[in-house]
Amino acid sequence: MTASASREAATVVHVRIPSPLRSYTGADEVAVAIPVLAPELPPTVGGVLAALDVAYPGIRFRIVDEQGRLRRHIKLFVGGRLTRDLADRVDAASEVMIVAALSGG
Amino acid sequence: MPRTRAAAQSAPARRVRVLVATRKGLWTLTSDAARNGWKLAGPQFLGHIIHHAVCDPRDGKSLLVAARTGHLGPTIFRSTDSGRTWKEATRPPAFVEGSGRIVDHTFWLTPGHPAEPGVWYAGTSPQGLFRSADGGASWGGVQGFNANPQRKAWCGGDQDGTPDGPKMHSILIDPRDPAHMYIGMSSGGVFESGDAGANWQPLNKGVRADFIPAPSPEFGHDPHCVRYAESLPDRLYQQNHCGIYRLDRPSDTWQDIGAAMPKSVGHVGFPLVVHPRDPDSIWVLPMDGTSVWPRTSPAGRPAVYRSRDGGRTWKRQDRGLPRTQAWWTVRRQAMTADRREPMGLYFGTTSGEVWASRDEGRTFRCLARHLPLIQSLEVA
């Protein structure tokens, strides 16, 4: 499902959602549209999460803390590559996968 | 501040509802009018760590729940219909971007003064104070505390403190003056503000802190639970890491009332309850704080201890409780009272049991077993 429709040029990024966050999305995979600022600059991971939060308010703070860092037990894969850098670029062909690692009993 | 005795009346004989916040979700116990039959309902928020669930006494139907999970960041859920439906806060408690600090969880919730409907306060781990003016939907830091240049000296670093993280708790709003507040911090001590949190003064004279080299530090103490007497708001009590204390304002020196506890039981524990109409009647629930701090009931024989004279003398109350081999204990926000006559006393254990007395601790019965570890119990 496309979370935000825009008449402007947008990059659509597919995001896989782990079960602890599906109370926000109601789905295990969503697509978010991120406005293209410049063709040579694909959106960042941080931009994807910001767009996700616009579509599903509150979801970003559960996975990113107030200092802009990924929470300890959250992992992000972009196109299958692990990253913790919210400035990493995401091209439209890449899928972002959010993983909530198991923690505690 | 004038010493006044507030009017306090017992509640009519209606059902009692108790919010049971656990490490795995929220349950509710509801009684009949006689407080004899009880029904357990839940869970809500299954799998969430609920540190505190509180009903707003100003309307009797608004609830706030401080929640997080093992994976996800902390948040607040709110209900305006007694828990039938819930909404998440749009802006949960969070430190200022650039401060370098991160809220691990919201630990404590306190409804604001009756003259300030919609105001709530939250205390976090690590120590932070937050305020909402819209019924818990959005929260901002009380910067008089959070950005105070002395805060780190008072509290230590965010990695210091108790095993589950240092905490702000026991946010007390003076029922006669919404700008007059007390807070308790583990670690940090008790602090007072007379201007709605803009400025803070330590209030720890007379309290031991035997884990600090200085003999009488001004701050850095470890109060576990601080309460005031509703019927005499200038009377404060605290169950501390190093004993039990009473403070009668305007004095600023706490009196040691734990020394009168039996030596075999000791004066360590977490929760403390004050009778809603009798400022001299208090209850504590001792735990084993010897050697490596087992944090169990002393000798596996749990009991509450009641004082009717402001802590000068104590009496053991354990009728109905297990006589032996019961090694649970009770967390600081997991013992509470109703407003009925006689007062009902309730506590929830680390082993997931809820115990209740409808005769002020003379006899106890178990209302629920097999729940997850109980973090807090509040009468709604």
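This is a predicted model, so every value here is computed, not measured.

A.B. asks: Explain the overall build of chain A here, please?
C.D. replies: Counting its regular elements, chain A contains three helices and five strands. Going residue by residue from the N terminus, the α and β elements of chain A occur as β-α-β-α-α-β-β-β. Out of the 105 residues belonging to chain A, those deemed buried represent 30%. Across chain A, contacts joining residues at least 24 apart in sequence account for 59% of those joining residues at least 6 apart.

A.B. asks: How do you make sense of the overall build of chain B when you look at a structure like this?
C.D. replies: Looking only at helices and strands, chain B has two helices and 28 strands in total. Taking 380 residues into account, the globule formula puts the C-alpha radius of gyration at 21 Å, and chain B, at 19 Å, falls close to it. For chain B, the spread of C-alpha atoms along the principal axes amounts to about 55 × 50 × 40 Å. Burial statistics for chain B: of 380 residues in total, 52% are counted as buried. Intrachain contacts of chain B at a sequence separation of at least 6 include 51% that bridge at least 24 residues.

A.B. asks: Whenever I open this one, the confidence of the model for chain B confuses me. Can you help?
C.D. replies: Reading fine detail from the predicted coordinates is not recommended where pLDDT is low. All names here are of chain B. Confidence in the prediction for chain B averages 95 pLDDT; 98% of positions are at 70 or higher. In this model, residues 1-5 is a region of pLDDT below 50 whose contacts with residues beyond four sequence positions or in other chains number nine contacts. Both scores are available for the predicted complex, with the pTM at 0.93 and the ipTM at 0.83.

A.B. asks: Would you take a moment to explain the sheet that holds strand β18 (residues 243-248) of chain B for this structure?
C.D. replies: Strands in a sheet are paired, the pairing made by backbone hydrogen bonds, and the direction either parallel or antiparallel. Residues and elements named next belong to chain B. Strand order in the open sheet formed by four strands is β16-β17-β18-β19, with antiparallel pairing between adjacent strands. Each edge of the open sheet is held by one strand with a lone partner, namely β16 (223-229) and β19 (255-256). Relative to strand β17 (residues 232-240), β16 is paired through six bridges, and the arrangement is antiparallel. What sits directly across from tyrosine 228, in β17, is leucine 236.

A.B. asks: Can you walk me through the sheet that holds strand β4 (residues 81-83) of chain A in this structure?
C.D. replies: Residue and element names in this part refer to chain A. Here five strands make up an open sheet; going across it, the order is β2-β1-β5-β3-β4 and the pairing mixed. In the strand order of this sheet, the two ends are held by β2 (29-35) and β4, each with one partner. Adjacent strand axes in the sheet meet at a mean angle of 30°, parallel and antiparallel pairs treated alike. In this structure, strand β3 (residues 74-78) lies alongside β4, joined through three bridges in antiparallel fashion. Across the sheet, the residue bridging to phenylalanine 77 is leucine 82, located in β4. The sheet contacts of helix α2 (residues 45-55) involve β1 (10-16), β2, β3, β4 and β5 (95-100), and relative to β2 the element is tilted by about 110°.

A.B. asks: Help me understand the nonpolar core in this model?
C.D. replies: Soluble globular proteins tend to pack their nonpolar side chains together in the buried interior. If you look at the biggest cluster of nonpolar residues, it comprises 96 residues, and the most contacted ones within it are Val20, Leu26, Ile50, Val65 and Leu377 of chain B. Residues within four places of leucine 377 of chain B in sequence aside, it is in contact with Val18, Val20, Ala334, Met335, Thr336, Tyr346, Phe347, Gly348 and Val354 of chain B. If you look at the next biggest cluster of nonpolar residues, it comprises 28 residues, including Ile17, Ile34, Leu52 and Ile74 of chain A.

A.B. asks: What's the story with the interface of chain A and chain B in this structure? I'm lost.
C.D. replies: Frequently, the measure chosen for interface size is the accessible area removed from exposure when the parts meet. Taken together, the 17 residues of chain A in the interface contact 15 residues of chain B. No other element matches the three residues that helix α3 (residues 59-63) of chain A contributes to the side of chain A that touches chain B. When its residues are assigned to classes, the side of chain A that touches chain B shows seven nonpolar, six polar and four charged.

A.B. asks: Explain unusual backbone geometry to me, please; I cannot follow it from the model alone.
C.D. replies: For residues besides glycine, phi is generally negative; the peptide bonds are generally trans as well. Residue and element names in this part refer to chain B. For the bond running from glycine 42 to proline 43, omega is 5°, close enough to zero to count as cis. The residue proline 43 is located in strand β3 (residues 38-44) in this model. Cis geometry marks the peptide bond from arginine 249 to proline 250, where omega comes out at 15°. Of note, arginine 35 is a non-glycine position whose phi angle comes to about 60°, a positive value. Here arginine 35 shows up in the loop between β2 (25-31) and β3. Even without a glycine there, the phi angle at arginine 295 is positive, about 55°. Positionally, arginine 295 belongs in the loop between β21 (282-286) and β22 (304-307). For arginine 295, a count of 17 C-beta atoms within 10 Å gives the class partly exposed.

A.B. asks: Is there a simple way to explain the environment of aspartate 222 of chain B in this structure?
C.D. replies: Residues and elements named next belong to chain B. As for its position among the elements, aspartate 222 is in the loop between β15 (201-202) and β16. Owing to 22 C-beta atoms within 10 Å, aspartate 222 belongs among the buried residues under this scheme. Along the sequence, aspartate 222 and glutamate 192 sit 30 residues apart, while their C-alpha atoms lie 15 Å from each other. Setting aside residues up to four positions removed in sequence, aspartate 222 forms contacts with Ser186, Ser187, Ala209, Asn240 and His241.

A.B. asks: What is the right way to look at the confidence of the model for chain A in this model?
C.D. replies: Looking at chain A as a whole, its pLDDT mean stands at 88, while 89% of the residues score no less than 70. Scored below 50 in pLDDT, residues 1-6 of chain A makes 20 contacts in the model with residues more than four places away or belonging to other chains.

A.B. asks: Would you take a moment to explain the environment of arginine 295 of chain B for this structure?
C.D. replies: Separated by 55 residues in sequence, arginine 295 of chain B and threonine 350 of chain B place their C-alpha atoms 9.9 Å apart. Apart from the residues lying within four places of it in its own chain, the contact partners of arginine 295 of chain B are Met287, Asp288 and Thr329 of chain B.

A.B. asks: How should the pairing of strand β10 (residues 128-132) of chain B be read in this particular structure?
C.D. replies: Walk down a regular strand and you will see the side chains alternate between the two sheet faces. Residues and elements named next belong to chain B. Burial within β10 is extensive, with four of its five residues counted as buried. Across five bridges, the pairing between strand β9 (residues 120-125) and β10 is antiparallel. Note on β10: the bridge partner recorded for tryptophan 120 is serine 132. What sits between β9 and β10 in their antiparallel hairpin is a turn of two residues. Here β10 runs beside strand β11 (residues 140-141); their pairing, made up of two bridges, is antiparallel. Considered in β11, the bridge of phenylalanine 130 is made with glycine 141.

Cut-offs applied
Residues numbered from 1 in each chain as written. Chains lettered and ligands numbered in written order. Predicted model: local features only at pLDDT ≥ 70, side-chain atom pairs only at ≥ 80, totals over all residues. Helix = DSSP H or I, 4+ residues; strand = E, 2+ residues; numbered from the N terminus. Buried ≥ 20, exposed ≤ 12 C-beta atoms within 10 Å, placed from the backbone. Contact = placed C-beta atoms within 7 Å. Rg over C-alpha atoms; globule rule 2.2 N^0.38 Å. pLDDT = per-residue confidence, 0-100. Pairing = 2+ DSSP bridges. Axes fitted to C-alpha atoms, helices over the stretch in contact; angles between N-to-C directions. Core = buried A, V, L, I, M, F, W, Y, C linked by C-beta atoms within 7 Å. Nonpolar A, V, L, I, M, F, W, Y, C, P; charged D, E, K, R; others polar.

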